[in-house]
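# Tertiary structure, described
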Amino acid sequence: MILSDLLGSPVLSAEGEWLGEVVDARLVLDGPPDGLLAAARLHGLVVSPHAHSSFAGYERTGVDAPALIARYLRWRARGSFLVLWEDLTSFTDDVIRLRAGATLYSPRMEDSEV
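Residues numbered from 1 in each chain as written. Predicted model: local features only at pLDDT ≥ 70, side-chain atom pairs only at ≥ 80, totals over all residues. Heavy atoms only, no water.

## Quick notes on the overall build of the protein
Across its full length, the protein carries 2 helices and 7 strands. The order of α-helices and β-strands along the protein, N terminus first, is α-β-β-β-α-β-β-β-β. Taking all 114 residues of the protein together, the buried fraction comes to 32%. Restricting to contacts in the protein with at least 6 residues of sequence separation, those with at least 24 account for 51%. As displayed, the protein offers around 7200 Å² of accessible surface, 57% of which is attributable to carbon and sulfur atoms. (Helix = DSSP H or I, 4+ residues; strand = E, 2+ residues; numbered from the N terminus. Buried < 20%, exposed > 50% of the residue type's maximum accessible area, 1.4 Å probe, protein only. Contact = heavy atoms within 4.5 Å. Areas by Shrake-Rupley, 256 points an atom, 1.4 Å probe, with all protein chains shown as cover.)

## Describing the pairing of strand β4 (residues 81-84)
Neither face of β4 is open: one carries F81 and V83, the other L82 and L84, and all of them are buried. Sheet topology places strand β3 (residues 37-48) next to β4; 4 bridges connect them, and they run antiparallel. Residue pairing in the sheet places V47 in a bridge with F81 of β4. Pairing geometry for β4 and strand β7 (residues 104-105), over 2 bridges, is antiparallel. Within the sheet, the bridge partner assigned to V83 lies in β7 and is L104. (Pairing = 2+ DSSP bridges.)

Function-wise, these values are silent; they only describe arrangement.
The structure is reproduced here in structure tokens:
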């Protein structure tokens, strides 16, 4: 499966309720570099009931300029959530289903020192 195939896919709860569309993915770098890069794995998907595209980095807590764009993108991101990979049960007919009792996390990201 190619990650871009998931973007825009509708997400349903275990009961079949529409929750939103996949707008972004969160990856984690595991272990030492494998060749030139560290191995990446899918940590979870960001789902939004309003937006149909990525938040362009404005989901980071310290990003607030230019102010009008930041305010608009935060408004557009309202209701969005992060669902972890282990809480996904199926990918059929271009629909993603969550397991019963799935935890929905905030999609906000803390800034980190590089």
